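Structure at a glance
Chain residues, written in single-letter form:
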Amino acid sequence: MNILFVYTSEIIAENGGVQRVTKVLADHFEENKINIFYLSKHKSTNNSLKNHYFLPDDHYNNSQVNLNYIRTLVIEKKINIIINQAALGGTMASLCYEAKKVADVKILSVIHNSLLGNLDSFTSSNKKIFNVIPVSFFSTFLELNFIKKILHTIYIFKYKYKYRKLYEYSDKIILLSDSYFYQFKLFVKDSKAEKVLSIYNPCSFKDNVTEVDKKNELLFVGRVNITQKRVDILLEIWHKIFLNFPDWKLNIVGDGEDLNYLKNKAIKLKLERVFFHGYTNPINLYQSAKIFCMTSSFEGFPLVLAEAQNFNVIPILFNSFPSAEDIIVNYKNGILIEPFNTDLYVNNLKKLMTNYDENIESFKSEFQLNKNKFSIHTIGSQWLNLFNELLNKDN
């Protein structure tokens with residue numbers, strides 16, 4: 001069996017959640033004697049993965065040279081299945097459709113985020129804009145229910161053709177949680193359950209068996225930005241508590257478009273013991289941290305929560321995306337906070353920091369359940385069964 005992963009960016013596991021889950025899945029498939037190939041639009045390193053190919057024209061996706069390239073690739077490599085990891089943005093979808101014209105190839109289109117996340121959390125994810133005078137009054141205006149309904153109607157009308165085409169040209173649509181079915185149905189009302197299914201993202205680390213003494217550390221891992229991850233909120237939360245917890249520190253792992261802005265914000269707030277680590281392997285920090293802090297406006301299915309639990313780090317986050325409750329059972333394996341109630345977040349975080357040693361053992365037993373639920377063996381088996389189902393249909 002030959003599988004082609006398609007994604008806009010080069011598959012570099014350290015660069016983001018989609019790249020990381022792609023590499024974890026690819027490694028598992030290769031262990032099961034499946035040949036793996038990659039196709040991306042942008043090349044960003046000289047040390048690319050084996051069998052990683054790049055579009056010759058990285059400016060115009062549907063240029064004739066690109067269409068010819070993917071036709072040739074799927075034929076020469078005898079590709080059986082294309083996994084489109086960029087289905088949400090849609091930029092690579094038309095190339096996948098082209099491949100289907102010239103080869104008997106199955107297309108699995110994976111939607112790696114909430115279809116409505118940016119819209120449902122519009123004022124929160126655009127806080128940087130709405131804080132600017134004189135547009136700040138729009139923030140309250142856009143929170144009115146009838147305005148939200150109008151925006152939803154416009155948004156669905158704008159994108160329903162894209163998702164309709166994705167549905168028709170794909171053999172399966174993969175969502176990251178059952179909780180996203182209703183969103184997809186808004187765009188494709190007659191979508192069938194047998195064609196749209198959900199598969200969780202796997203934890204990208206093997207089960208942590210090394211016990212390391214925990215330190216008084218809060219941890220954030222992810223893209224350092226304001227639009228989605230809302231690291232600015234995390235800094236404001238730290239501002240409210242750091243003086244009361246002088247033996248604790250905050251580690252921020254990741255890079256992003258707002259890194260310098262947020263570093264300057266930390267300086268303006270006169271924050272102490274906050275450390276920006278940039279891109280780095282977070283394993284050592286997971287091992288030593290006690291609490292994982294997420295303040296996102298929206299997410300798809302964040303790997304970092306399962307990763308944190310894998311290292312016995314207690315997650316605290318806003319209940320701001322549908323799949324949060326697939327991962328977190330409130331007060332059993334993490335803390336869910338009403339979006340975006342920062343005072344409630346601060347109060348719960350203080351309690352976790354104060355009573356960590358008393359609570360961690362009960363959390364650990366719940367973490368173990370998720371370690372099994374999101375293991376690569378569990379999730380990988382679902383993918384392998386899907387491959388066999390699709391290919392056996394034609395035999």
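Coordinates for the structure precede this section.
Starting afresh in each chain, residues are numbered from 1 along the sequence in its written order. Owing to the predicted nature of the model, reporting of local features is limited to residues with pLDDT of at least 70; listing and counting of side-chain atom pairs is limited to 80 or more, with chain, interface and lining totals taken over all residues. Remark: hydrogens and water are excluded; side-chain values derive from all non-hydrogen atoms of the structure.

Some words on empty space enclosed by the protein
Once rolled over the atoms, a probe with the size of a water molecule shows which space is left empty. To keep it simple, the criterion reads: In the cavity and pocket records, a cavity denotes points on a 1 Å grid over the protein atoms alone where a 1.4 Å probe fits but cannot get out, a pocket denotes an open set with protein on both sides within 12 Å along at least 5 of 7 lines, and lining residues are residues with an atom within 4 Å of a point. Grid points are joined across faces, edges and corners, and a volume is the space filled by probe spheres set on the points. Lys, Arg, Asp and Glu make up the charged group, whereas Ala, Val, Leu, Ile, Met, Phe, Trp, Tyr, Cys and Pro make up the nonpolar group; the residues left over, Gly among them, are polar.
In this structure the tally under the stated criterion is two cavities of 30 Å³ or more. Computed from the structure, the largest cavity encloses a volume of approximately 60 Å³. Lining the largest cavity are 14 residues, and of these L25, V110, H112, N201 and W383 sit closest to its centre. Here the lining of the largest cavity is built from residues that sort into eleven nonpolar, three polar and no charged.

Concerning the environment of N385
Selection rule: Secondary structure elements follow DSSP: runs of H or I no shorter than four residues count as helices, runs of E no shorter than two count as strands, and numbering proceeds from the N terminus.
Tracing the backbone through its elements, the reader meets N385 in helix α17 (residues 376–392). Each C-alpha atom, one on N385 and one on S94, is 26 Å from the other, the two residues being 291 residues apart in sequence.

Quick look at the sheet that holds strand β10 (residues 274–278)
Strand pairing in a sheet takes place through backbone hydrogen bonds and is either antiparallel or parallel in direction. This is how it is decided: Only when DSSP finds a minimum of two bridges between them are two strands counted as paired. Orientation is described by lines fitted to C-alpha atoms, with helices fitted over the stretch in contact, and by angles between N-to-C directions that extend from 0 to 180 degrees.
If you trace the six strands from one edge of the open sheet to the other, you get β10-β9-β8-β11-β12-β13, paired in parallel fashion. Two strands in the sheet have a free side with no partner beyond their single neighbour: β10 and β13 (335–337). Ignoring strand direction, the axes of neighbouring strands in this sheet form an average angle of 20°. Here strand β12 (residues 314–318) runs beside β13; their pairing, made up of three bridges, is parallel. For I316, the partnering residue across the bridge sits in β13 and is I335.

Some points on the packing of helix α1 (residues 17–31) against α17
Angle between the axes and distance between the axes are the two parameters that describe a pair of packed helices. Cut-off, in case you're wondering: Oblique is the label for any angle not covered by the other classes, which are roughly parallel (under 35 degrees), roughly antiparallel (over 145) and roughly perpendicular (65 to 115). Each crossing gets its handedness from the near helix: less than a right angle anticlockwise from the far helix is left-handed, clockwise is right-handed. Whether two residues touch is decided by their heavy atoms; if any such pair falls within 4.5 Å, the residues are in contact.
At a minimum axis separation of 10 Å, α1 and α17 run at an interaxial angle of 70°. Judged by the angle between their axes, α1 and α17 are roughly perpendicular. In terms of crossing hand, the pair formed by α1 and α17 is right-handed. Across from V24, L25, H28 and F29 in α1, the residues of α17 making contact are I376, H377, G380, S381, W383, L384 and F387. For the contact of α1 with α17, a count of residues per class yields seven nonpolar, four polar and no charged.

Some details on the nonpolar core
Using the following cut-off: We call a set of buried Ala, Val, Leu, Ile, Met, Phe, Trp, Tyr and Cys residues a nonpolar core when their side-chain atoms join them within 4.5 Å. Buried means the residue's accessible area, taken with a 1.4 Å probe over protein chains only, is under 20% of the maximum for its type, while exposed means over 50%, and partly exposed covers the values in between.
Judged by nonpolar contacts, the single largest core of 88 residues is most densely connected at F29, I83, F184, F292, W383 and F387. F387 has contacts with M1, I3, F29, I34, I81, I83 and L108, leaving out every residue within four places of it along the chain. I226, L235, F245 and L250 belong to the second largest nonpolar core, which has 37 residues in total.

A short note on the packing of helix α2 (residues 64–76) against helix α3 (residues 93–102)
One way to put it is that α2 packs onto α3 with a least axis distance of 9 Å and a crossing angle of 55°. The angle between the axes of α2 and α3 places the two elements in the oblique class. Seen along the crossing, α2 lies across α3 with a hand that is right-handed. Counting all contacts with α2, which are made through N66, L67, I70, R71, V74 and I75, the residues of α3 involved are L95, C96, E98, A99 and V102. The class makeup of the residues in the contact of α2 with α3 is eight nonpolar, one polar and two charged.

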